[in-house]
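Spelled out from the first residue to the last, the chains are:
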Amino acid sequence: MYYPFYYDSTYILVLIGAVLSMLASAHVQSTFNKYSKVRSRLGYAGKDVAQRMLQMNGINDVTVRHTPGNLSDNYNPMSHTVNLSDTVYDSVSVAALGVAAHECGHAMQHHNGYLPLSIRAAILPAANLGSKLGLPICIIGLFMGRMGTTVATIGLWLFAFAVLFQIVTLPVEFNASHRAVLWLEQAGILDDQELKAARAVLTAAALTYVAAAAASVLQLLRLFLIVSGGRRRD
Ligand SMILES: [Zn+2]
């Protein structure tokens, strides 16, 4: 009997992914904490900067709201809201302004029909299905023996959609940060030194998405190795 998923050496790929994700989240937390203590020269709060950025870009149908939590900031395209967390909404730090502008960058993408955002929305249902069912279907397939190879391959393809989603997320995130920094500079909200700090925070945040994408690619590679290994055993 072949016991996949428990004692196989490909598990190292999952561990590498987990370590990368942990390092990235520790890095963003420490970078954010560092620049949360740096007050911006003009003294605007995150919410002011968000409102101003939306307004100056002709976006009048998006509301800026407060959301509880830490680093839980997001743009919700369904409710047309930029949601800023405890450490961003009222904060006048350069870190907060970077994050607030980044979320407005997503609102701008939505407003302008930025293509990767539309692609991401289109694959979201398949990606949700893949992240919930891909792995279980794969496991069931592998335990079915010879008959199960097709089932396992279906699980693998479903999981691939979840991975694709994570990959398409990368240009969306980098582009939102790019729009944020550009606007903060052009609108004269942050000076050169402050821009450097905001950029550091946003780069650290982007790295968490890179780590998540890398972890899911490694997981997909592992599933592929196990399924193709199972196939060879037949
Ligand atoms: Zn983002």
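Draft legend 1. Seen up close, the pattern of salt bridges. Overall, the coordinates contain three salt bridges when judged by the stated rule. Between Asp191 and Arg41 there is a salt bridge, with its nearest N and O atoms 3.3 Å apart. Of the two residues, Asp191 sits in the loop between helix 6 (148-186) and helix 7 (192-233) while Arg41 sits in the loop between helix 1 (11-36) and helix 2 (46-56), which places them 150 residues apart along the sequence. A salt bridge links Lys47 to Asp90; the nearest nitrogen and oxygen atoms lie 2.6 Å apart.

Draft legend 2. Highlighting the environment of Leu184. For Leu184, the location among the structural elements is in helix 6. Counting along the chain gives 27 residues from Leu184 to Trp157, while the straight-line C-alpha distance between them is 41 Å. Apart from residues no more than four positions distant in its own chain, Leu184 is found in contact with Val49, Leu97, Gly98, Ala101, Ile189, Leu190 and Leu195.

Draft legend 3. Focus on the coordination of the zinc ion. Around the zinc ion, the protein contributes the donor atoms His102 (NE2), His106 (NE2), Glu173 (OE) and Glu173 (OE), which lie 2.0 to 2.8 Å from the metal centre. Along the chain, the residues donating to the zinc ion fall in the pattern H-x3-H-x66-E. Taken as a pair, His106 in helix 4 (residues 94-112) and Glu173 in helix 6 lie far apart in primary sequence, 67 residues in all. There is no split in this pair, since His106 and Glu173 are both buried.

Draft legend 4. Up close: the sheet that holds strand 2 (residues 74-76). With mixed pairing, three strands are arranged side by side in an open sheet as 1-3-2. At either margin of the open sheet sits one strand with a lone partner, and together these are strand 1 (63-66) and strand 2. Between one strand axis and the next, the sheet turns by 25 degrees as a mean value, whatever way the strands run. As paired elements, strand 2 and strand 3 (residues 81-84) share three bridges and run antiparallel to each other. Counted as the bridge partner of Asn74 is Asn83 from strand 3.

Draft legend 5. Region of interest: the environment of Ser118. One can find Ser118 in helix 5 (residues 115-143). Judged by its relative accessible area of 37%, Ser118 falls in the partly exposed class. C-alpha of Ser118 to C-alpha of Ile16: the two residues are 102 residues apart in sequence and 31 Å apart in space.

Analysis parameters
- Residues numbered from 1 in each chain as written.
- Predicted model: local features only at pLDDT ≥ 70, side-chain atom pairs only at ≥ 80, totals over all residues.
- Heavy atoms only, no water.
- Salt bridge = Lys/Arg side-chain N within 4 Å of Asp/Glu carboxyl O.
- Helix = DSSP H or I, 4+ residues; strand = E, 2+ residues; numbered from the N terminus.
- Contact = heavy atoms within 4.5 Å.
- Donors = N, O, S within 2.8 Å, 3.2 Å for Na, K, Ca; no water.
- Buried < 20%, exposed > 50% of the residue type's maximum accessible area, 1.4 Å probe, protein only.
- Pairing = 2+ DSSP bridges.
- Axes fitted to C-alpha atoms, helices over the stretch in contact; angles between N-to-C directions.

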